[in-house]
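A structural walkthrough
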Amino acid sequence: MHRVFNYALRLAEDGEFFHFQNDLAQAAYDSLGQSYKAGENEIAIVTKLVNALNGRTYNHITVEANKIHGNRSFVEFNYRDKPTTKELGDMAVISIVTVGKNRLLQRVCIIQNKKAKKHAWGVDAEQLFLLKNFPPLSGNRGLFRGMSDVTFRNRSGCLGAYGLFDDPGEMMFLAAPLFAEILRDRSSVSLADIGIPSATSQVGVHSAFPVTPFGHFFDPKEWYMIMREVIHRIGPFPWRVLGLGLPFFGNVHYGLDIYDFVRAWTQVNLGEYTCLAGVTVNPDVDGFANRLIRSAGLGQGIDLPKVNDDLDTKPEGDMAVFVLRMDVEQND
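Residues numbered from 1 in each chain as written. Predicted model: local features only at pLDDT ≥ 70, side-chain atom pairs only at ≥ 80, totals over all residues. Heavy atoms only, no water.

Let's talk about the overall build of the chain
- When helices and strands are tallied, the chain shows ten helices and 15 strands.
- Looking at the chain as a whole, 55% of its 332 residues qualify as buried.
- Taking as baseline every contact in the chain between residues at least 6 positions apart, the subset at least 24 positions apart corresponds to 71%.
- Of the accessible surface of the chain, which amounts to about 14,700 Å², a share of 51% is contributed by carbon and sulfur atoms. (Helix = DSSP H or I, 4+ residues; strand = E, 2+ residues; numbered from the N terminus. Buried < 20%, exposed > 50% of the residue type's maximum accessible area, 1.4 Å probe, protein only. Contact = heavy atoms within 4.5 Å. Areas by Shrake-Rupley, 256 points an atom, 1.4 Å probe, with all protein chains shown as cover.)

Some thoughts on the packing of aromatic side chains
- Taken as a whole and assessed by the stated rule, the structure comprises 13 aromatic pairs.
- Considering the side-chain rings of F173 and F261, the 5.7 Å spacing of their centres and the 45 degrees angle between planes classify their relative orientation as tilted. Within this pair, whereas F173 is found in strand 10 (residues 170-175), its partner F261 is found in helix 8 (residues 258-266), the two being separated by 88 residues in sequence.
- By relative accessible area, F261 is classed as buried at 8%.
- An aromatic cluster of three or more residues is present, and its members are F17, F20, Y58, F248 and F249. (Phe/Tyr/Trp six-rings, centres within 6.5 Å; stacked < 30°, edge-to-face > 60°.)

Describing the pairing of strand 15 (residues 319-327)
- The buried count for strand 15 comes to nine of nine residues, which makes it a mostly enclosed element.
- In strand 15, alternate side chains face the same way, and those of M319, V321, V323, R325 and D327 on one face and A320, F322, L324 and M326 on the other are all buried.
- Looking at chain direction, strand 2 (residues 61-68) and strand 15 are connected through eight bridges and run antiparallel. By the bridge assignment, V63 is partnered in strand 15 with L324. (Pairing = 2+ DSSP bridges.)

Some words on the confidence of the model for the chain
- Looking at the chain, pLDDT values average 83 and 79% of them are 70 or higher.
- Here residues 197-224 is a poorly scored stretch, pLDDT under 50, and it has 58 contacts once near neighbours within four places are set aside; other chains count.
- Taken as a whole, residues 233-246 scores under 50 in pLDDT and shows 25 contacts with residues more than four places along the chain or in a different chain. (pLDDT = per-residue confidence, 0-100.)

As for the pairing of strand 5 (residues 91-99)
- In terms of residue burial, strand 5 counts as a mostly covered element, since nine of its nine residues are buried.
- Hairpin connection between strand 5 and strand 6 (residues 102-115): a loop of two residues separates the two successive antiparallel strands, and G100 in this loop has a positive phi of roughly 65 degrees.
- As paired elements, strand 5 and strand 15 share eight bridges and run parallel to each other. For S95, the partnering residue across the bridge sits in strand 15 and is L324.

Describing the packing of helix 4 (residues 125-133) against helix 5 (residues 176-183)
- Put simply, helix 4 and helix 5 touch, their axes get as near as 8 Å, and they point 135 degrees apart. In this view, helix 4 runs oblique relative to helix 5, as classed from their interaxial angle. Together, L128, L131 and K132 of helix 4 and A176, P177, F179, A180 and L183 of helix 5 make up the contact between the two elements.
- Among the residues making up the contact of helix 4 with helix 5, the classes are represented as seven nonpolar, no polar and one charged. (Axes fitted to C-alpha atoms, helices over the stretch in contact; angles between N-to-C directions. Parallel < 35°, antiparallel > 145°, perpendicular 65-115°, else oblique. Nonpolar A, V, L, I, M, F, W, Y, C, P; charged D, E, K, R; others polar.)

Spelled out as structure tokens, the structure:
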């Protein structure tokens, strides 16, 4: 793991990486502006974002994006005491840190996008319940077809999230638990209702548990042992590694605009950890994320683990997949 921390320390001071982030954000803004001028819906907006961001690179950091085409992915679950069926999401944002072909870290965030009407967003309470809580799921059609009793752990509180599009071409990012807290019992929320200071976005807003740079995964004993190893390997600057001076590997639940979203994603601050220190830590979510990557034709040159489901069925669905890869082997 010392490679990852050293690499992040270098990127934090790298002006060219900062330019790469800015260029990525500008490409997204250009795409959103074109979509709003054309009056396009959420599906077309996301498709344009795929085309705008795919193939962007900087010094062994790559962004790949593609759409999986097929039936929309609906899942069955219990909304409180009532069985229901809803779409899981229309976009997945994945970050992978590798050393050569081997994974060191991986995160995934499943996003449902909403386009504002008069600067307000209508929200389906059942889908919000799904993206906040991830109750046991069964496949109706699409990516979960034929699957039953699927359970996704959401330790970070950011496995599910919303992308809120607004005129004239903007996107706000909100983790589902935070969105639920803002929404309360309302069926819609306005821009004026979402008044969270951006300074809090770096540490997991309104989190129910103590937040580490890795989210909520570690108990105090595990975190202490990891940080002892970091201090031993890196030397006398552990507090920078802890995130007080280095905004990588955090747990961002909120982004005011595209710049916030892009910086959080490219600094590996978004979503649920599925792989950590080369070990799969959330098998069901990891398997799903890797099926998405393969189904979208992405992830070439990465040894993604396979399970029987990958061998026996061909995933299908309708979801945009965005993959950021950082290869630390090429940057030693």
